[in-house]
Structure formats: structure tokens, C-alpha cells
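Residue strings, one per chain:
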Amino acid sequence: MTSEHQRNSDIRTSVIVISSHVVRGSVGNRAAVFALETLGFPVWAVPTVVLPWHPGHSRATRIVPPREDFAALIDDLCGAPWLGEVGGVLSGYLGDAGQAADVARLVGAVRKANPEALYMCDPVIGDTGGLYVPEAVASAIARELIPIADIATPNVHELAWLSGAPITESAAMTSAAETLGPARVLVTSALAMMAGSTGNLLVSGKQSVMAEHRLIPNAPNGLGDLMSATFLARLLEGLPEEKALQTATGTVFEILARTARRGADELTLETDAQSLRTPMAMVNMRRVMSMANRKKP
């Protein structure tokens, strides 16, 4: 007879995802939740802001939960009887600066219920044009969430802002990630070594590994959200870090390439769910040295 323990061993750990929600499109929670659920993880989805579509398409209505209401929702989750089921927390775009303290409080409650739970902070604050959130939001993430994260997943522009260091080549990027704080930093849209390429750089302990692929211009939004969620899922599955990086990068590249071929203005996740489960795209893996290591005799 199957024991209760054996039955429960087939149930995957839950993940709390805290980010934006769009009505149309595949960004924020729409991308992260789809990826995690497709890979078999139950998700608790917390919206920090509700939008009809990504603001990059056009200006539109923006609904941010009232501060007291959002805090009360988080308090409910902190006291949820199922909190021990949660093995991961992923935070992304925040609707206002005050939400950072609420996210930190929830991470603390999850860790109390499950000390092995992972917290991944995706500091969604900016891109090539600089910050696209108020500086108060970016500062709150830097002050309250980055220091408590097990894993941070900034893009290269966010890493430069958070570290206060200009990043013009891969060694500087690695050095900035090493000083950011979290034990593992995954830099998305990283500076690749191959011409016409981009990549994802994982800095973990003394190891830095880059997964590179061909650059596809005019990419839709949501790639960072998708990469963070997929990488977290692969780690929760128990994959080694380098394999998790390779698999997640292959997934994102494959979905991006297929989306581009269709000419879609949003990631076509629903059509390409198989790319989440078993990506076939090849990515180039290479070791990266930091500037500090280069200076050693």
C-alpha cells in the first residue's frame, strides 16, 4: 500500500511569485507563472500592479493595490497554514516602494516555515535607457530585497545601477556581480564574448559561467521574467547550477527564436510550452574570469 509520505513525494514544492500582472501579454507574473506551472510547480501568484498590457506598447491604466490592502494580503500569506509547502519565492516588478518591506516580511515567514526555501529577487528596475521605475522603488529593492536574496537576477543595466560600477566588458560584469551580495547572481542580457550574441552569466562562489546564444533583435518583453522563473524551477528540480543555466537559457532562446519567426509582439509561451519542458536549442557555455582574478599573478 502506498504510504502518505510516498504519495506526498510526488507533489512538487510550491512557489510564490510576486510581480506585475498584465491582461494581454506574457510579461511579469503571466510569464513566470506559466513557466513554473508548465514545469509542474504549484504557484501562489501575487500581483503588485495590474496593467492592460506592457507599458512599452503604449501608455495605459495602471492599478496599484492600496498600500494597506497589499500589506494585509501579505500578512494573510505569512500566516497561511500551507506556508510549509512553499520551497521558493520569486519577486519581480514592484508597484511602489512600500511593497519591498512586505515582500521581505513574506520571505522571512516562508523561511521560518521552510528553512530550505530559496528566495530569488529579480530587480526589475531598468534597461538600456536607465531606470524605468521611480528611484524610490529601485532603492527599496536594493536596500531591502537584494541583501536577503539567495539569488539575484538583474540584467546588465540593473547590475550596473545596483553595484554603482560602470560595466563595459565581461570581466567588469563578473566583478560587479561578485560584490552585489547574494551567493548566486544571474546576469541576464549579459555582454557576450561572441560577436552578434548575448547571454546569461551565472556568478556563484568562485565560479562564473556564461551561456551564450545568437542575438535576436527587437525581442519582445518578458525574457527576464521567463529566464528567472525557468532557472528557479530547474534549481528546485535539483539540477546542478551549470546545467540549470544551460537548460533555462536554451528554453528562453528557443521560445524567443520561435516568437520572432512568427512576428509576434509578445512571447508565444502557450504555443511553445514544449520548449519549456524539453528545449532543443544549443547554447555555448564558457568560463568567465573577473577583473580581480585577472590581476592575480
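Located above this text is the structure these notes cover.
Residues numbered from 1 in each chain as written. Predicted model: local features only at pLDDT ≥ 70, side-chain atom pairs only at ≥ 80, totals over all residues. Heavy atoms only, no water.

*Asks:* Tell me about the overall build of the protein chain, and please be specific about residues and values.
*Replies:* Along the protein chain, the regular secondary structure elements total 11 helices and 11 strands. For 297 residues, the compact-globule formula gives about 19 Å, and the C-alpha radius of gyration of the protein chain, at 18 Å, lands near that figure. For the C-alpha atoms alone, the extent of the protein chain along its principal axes is close to 55 × 50 × 45 Å. Expressed as a percentage of the 297 residues in the protein chain, the buried residues total 50%. A separation of at least 24 residues holds for 69% of the contacts in the protein chain among residues at least 6 apart in sequence. Per element, the accessible surface of the protein chain, about 13500 Å² overall, is 55% carbon and sulfur. (Helix = DSSP H or I, 4+ residues; strand = E, 2+ residues; numbered from the N terminus. Rg over C-alpha atoms; globule rule 2.2 N^0.38 Å. Buried < 20%, exposed > 50% of the residue type's maximum accessible area, 1.4 Å probe, protein only. Contact = heavy atoms within 4.5 Å. Areas by Shrake-Rupley, 256 points an atom, 1.4 Å probe, with all protein chains shown as cover.)

*Asks:* Run through helix α4 (residues 99–113), naming residues and quoting values.
*Replies:* With 15 residues, α4 should cover 21 Å at 1.5 Å per step; its first-to-last C-alpha distance of 21 Å lies within 8% of that length. Regarding α4, the residues found buried are Gln99, Ala100, Asp102, Val103, Leu106, Val107, Ala109 and Val110. Among the structural elements, β1 (14–22), β2 (43–51), α3 (67–78), β3 (86–91), β4 (118–121) and α5 (135–145) are those in contact with the buried residues of α4. (Expected span 1.5 Å × (residues − 1).)

*Asks:* Please provide a residue-by-residue account of the side chain of aspartate 225, values included.
*Replies:* Relative to the assigned elements, aspartate 225 resides in helix α8 (residues 223–236). The buried charged residue aspartate 225 lacks any salt bridge partner; its closest oppositely charged side chain belongs to arginine 30, at an N-O distance of 11 Å. (Lys, Arg positive; Asp, Glu negative; His and termini not counted. Salt bridge = Lys/Arg side-chain N within 4 Å of Asp/Glu carboxyl O.)

*Asks:* Give me the packing of α8 against helix α9 (residues 241–262): which residues, what numbers.
*Replies:* The interhelical angle for the contact between α8 and α9, taken along N-to-C directions, is 145 degrees, at an axis separation of 9 Å. Considering only the axes of α8 and α9, their crossing is right-handed. Here α8 contributes Leu223, Leu226, Met227, Thr230, Phe231, Arg234 and Leu235 to the contact with α9, which in turn contributes Glu241, Ala244, Leu245, Thr247, Ala248, Thr249, Thr251, Val252, Ile255 and Leu256. (Axes fitted to C-alpha atoms, helices over the stretch in contact; angles between N-to-C directions. Left-handed = near helix turned anticlockwise from the far one by under 90°.)

*Asks:* Summarise the packing of aromatic side chains; cite the residues concerned and give the values.
*Replies:* Counted under the stated rule, the structure contains 0 aromatic pairs. Its end group placed over the ring of phenylalanine 41, arginine 12 keeps NZ or CZ at 4.8 Å from the ring centre. (Phe/Tyr/Trp six-rings, centres within 6.5 Å; stacked < 30°, edge-to-face > 60°. Lys NZ or Arg CZ within 6 Å of the ring centre and 35° of its normal.)

*Asks:* Tell me about the sheet that holds strand β11 (residues 284–287), residues and numbers included.
*Replies:* Taken together, the 9 strands give an open sheet; going across it, the order is β2-β1-β3-β4-β7-β8-β9-β10-β11, and neighbouring strands pair in mixed fashion. Where the open sheet ends on each side, the last strands, each with one partner, are β2 and β11. Relative to strand β9 (residues 197–204), strand β8 (residues 184–191) runs antiparallel, the two being bridged by 6 bridges. Looking at β9, one finds that valine 185 is bridged to valine 203. Across the sheet, α8 touches β1, β3, β4, β7 (151–152), β8 and β9, and the angle it forms with β4 is around 165 degrees. (Pairing = 2+ DSSP bridges.)

*Asks:* Can you explain the environment of proline 52? Please cite residues and give values.
*Replies:* In this fold, proline 52 is placed in the loop between β2 and α3. Separated by 114 residues in the primary sequence, proline 52 and proline 166 place their C-alpha atoms 35 Å from one another. Ignoring any residue separated from it by four or fewer positions in sequence, one finds proline 52 in contact with Val22, Val23, Arg24, Ala60 and Thr61.

*Asks:* Which residues make up the state of the cysteines, and what are the values?
*Replies:* Each disulfide is one covalent bond, formed between the sulfur atoms of two cysteines. Scanning the entire structure with this criterion turns up 0 disulfides. This cysteine, cysteine 121, is not joined by any disulfide, and cysteine 78 carries the nearest cysteine sulfur, 17 Å off. (Disulfide = S-S within 2.5 Å.)

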